Amino acid sequence: QKEVEQDPGPLSVPEGAIVSLNCTYSNSAFQYFMWYRQYSRKGPELLMYTYSSGNKEDGRFTAQVDKSSKYISLFIRDSQPSDSATYLCAMSSLSGGYNKLIFGAGTRLAVHP
Amino acid sequence: DAGVIQSPRHEVTEMGQEVTLRCKPISGHDYLFWYRQTMMRGLELLIYFNNNVPIDDSGMPEDRFSAKMPNASFSTLKIQPSEPRDSAVYFCASSPRAAEETQYFGPGTRLLVL
């Protein structure tokens, strides 16, 4: 079993839809949870960052962490064609004092006009 | 800042040849990471450096892979000899500090070994 599970998709939605992306994990020591966005032929870039449980909102994006269920989500409201990308969840336990990120496989999202 | 710089952006080589990938981290960042991304295995950490010193190389697949960081502004990942299964996108990332800081990724080097 992988430490982080993420449905690779692809996920195709119409413009304006609400998108829900999810990851589950098995390591209860994870404390830091991130969502990276990766456009085609580009490097991943940090989109959202959350420490421990709870919600975090940034514009059209909301990240949720439920540590009791070992489940994290990213919601995109009013999705736009420019949101079409691969979304990677990543998490870390800060074990040994450094931020070793464990990535999910990534979910490919396509938002069509 | 220009961000993390990687070269070359694309590399096509034949099996058995030596491949050297290069990375210039963001100035002032103490941590440098090398990742490999494939469709099958996703994004995997190969090795990371702290202040130019290799700290964790447990992700390096085998002895054919080696990485160096001779100074704070330059790192190389070398594959010798290369094999077709090494074909992947290799990313370099840097981070200001270890604790909870985000990692900034370069554009990647797309490697194809024939």
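From a predicted model like this one, the values you see are computed outputs, not experimental measurements.

The rules behind each value
- Residues numbered from 1 in each chain as written.
- Chains lettered and ligands numbered in written order.
- Predicted model: local features only at pLDDT ≥ 70, side-chain atom pairs only at ≥ 80, totals over all residues.
- Heavy atoms only, no water.
- Helix = DSSP H or I, 4+ residues; strand = E, 2+ residues; numbered from the N terminus.
- Rg over C-alpha atoms; globule rule 2.2 N^0.38 Å.
- Contact = heavy atoms within 4.5 Å.
- Areas by Shrake-Rupley, 256 points an atom, 1.4 Å probe, with all protein chains shown as cover.
- Lys, Arg positive; Asp, Glu negative; His and termini not counted.
- Charge placed at Lys NZ, Arg CZ, Asp CG, Glu CD.
- Core = buried A, V, L, I, M, F, W, Y, C linked by side-chain atoms within 4.5 Å.
- Buried < 20%, exposed > 50% of the residue type's maximum accessible area, 1.4 Å probe, protein only.
- Phe/Tyr/Trp six-rings, centres within 6.5 Å; stacked < 30°, edge-to-face > 60°.
- Pairing = 2+ DSSP bridges.
- Axes fitted to C-alpha atoms, helices over the stretch in contact; angles between N-to-C directions.

Asks: Lay out the overall build of chain A with the relevant residues and their values.
Replies: Counting its regular elements, chain A contains 0 helices and 11 strands. When the helices and strands of chain A are listed from N to C terminus, the series reads β-β-β-β-β-β-β-β-β-β-β. Here chain A has a C-alpha radius of gyration of 14 Å; the compact-globule value for 113 residues is 13 Å, and the two agree. The long-range fraction of contacts in chain A, counting pairs at least 24 apart against all pairs at least 6 apart in sequence, stands at 55%. Roughly 5,400 Å² of accessible area belongs to chain A as shown, and the carbon and sulfur atoms make up 48% of that amount. On chain A, the mean spot of the 11 positive side-chain charges and the mean spot of the 10 negative ones are 7 Å from each other.

Asks: I'd love a proper account of the nonpolar core, names of residues and values included.
Replies: In this structure, Val4(A), Trp35(A), Ile72(A), Leu74(A), Tyr87(A) and Met91(A) are the most contacted members of the largest nonpolar core, which totals 25 residues. For this core, the elements supplying multiple residues, two or more each, are strand 3 (19-25), strand 4 (32-38), strand 5 (45-51), strand 7 (61-66), strand 8 (71-76), strand 9 (85-92) and strand 11 (107-112) of chain A. Every residue in contact with Tyr87(A), bar those within four places of it in the chain, is listed here: Gln6(A), Leu21(A), Trp35(A), Tyr36(A), Arg37(A), Leu47(A), Leu74(A), Ile76(A), Gly106(A), Thr107(A) and Leu109(A). Ranked by size, the runner-up nonpolar core spans 21 residues in total, among them Ile26(B), Leu32(B), Ala67(B) and Tyr90(B).

Asks: Account for the packing of aromatic side chains, naming residues and giving values.
Replies: For the coordinates displayed, the defined rule picks out 14 aromatic pairs over all chains. An aromatic cluster of three or more residues is present, and its members are Tyr36(A), Phe103(A), Tyr31(B), Phe33(B), Tyr35(B), Tyr48(B), Phe91(B) and Phe105(B).

Asks: With reference to specific residues and values, describe the side chain of Glu44(B).
Replies: Residues and elements named next belong to chain B. Mapping glutamate 44 onto the fold places it in strand 5 (residues 42-50). Of the residues examined, glutamate 44 reaches a relative accessible area of 17% and is grouped as buried. Apart from residues no more than four positions distant in its own chain, glutamate 44 is found in contact with Trp34, Tyr35 and Arg36.

Asks: Tell me about the sheet that holds strand 1 (residues 4-6) of chain A, residues and numbers included.
Replies: Residue and element names in this part refer to chain A. One open sheet holds the 5 strands; their spatial order is 1-3-8-7-6, and the pairing between them is antiparallel. Only two strands of the sheet have a single neighbouring strand rather than two, namely strand 1 and strand 6 (54-58). Sheet twist, expressed as the average angle between the axes of neighbouring strands with direction ignored, equals 15°. When strand 7 meets strand 8, the two strands line up antiparallel, connected through 6 bridges. Paired with alanine 63 across the bridge in strand 8 is leucine 74.

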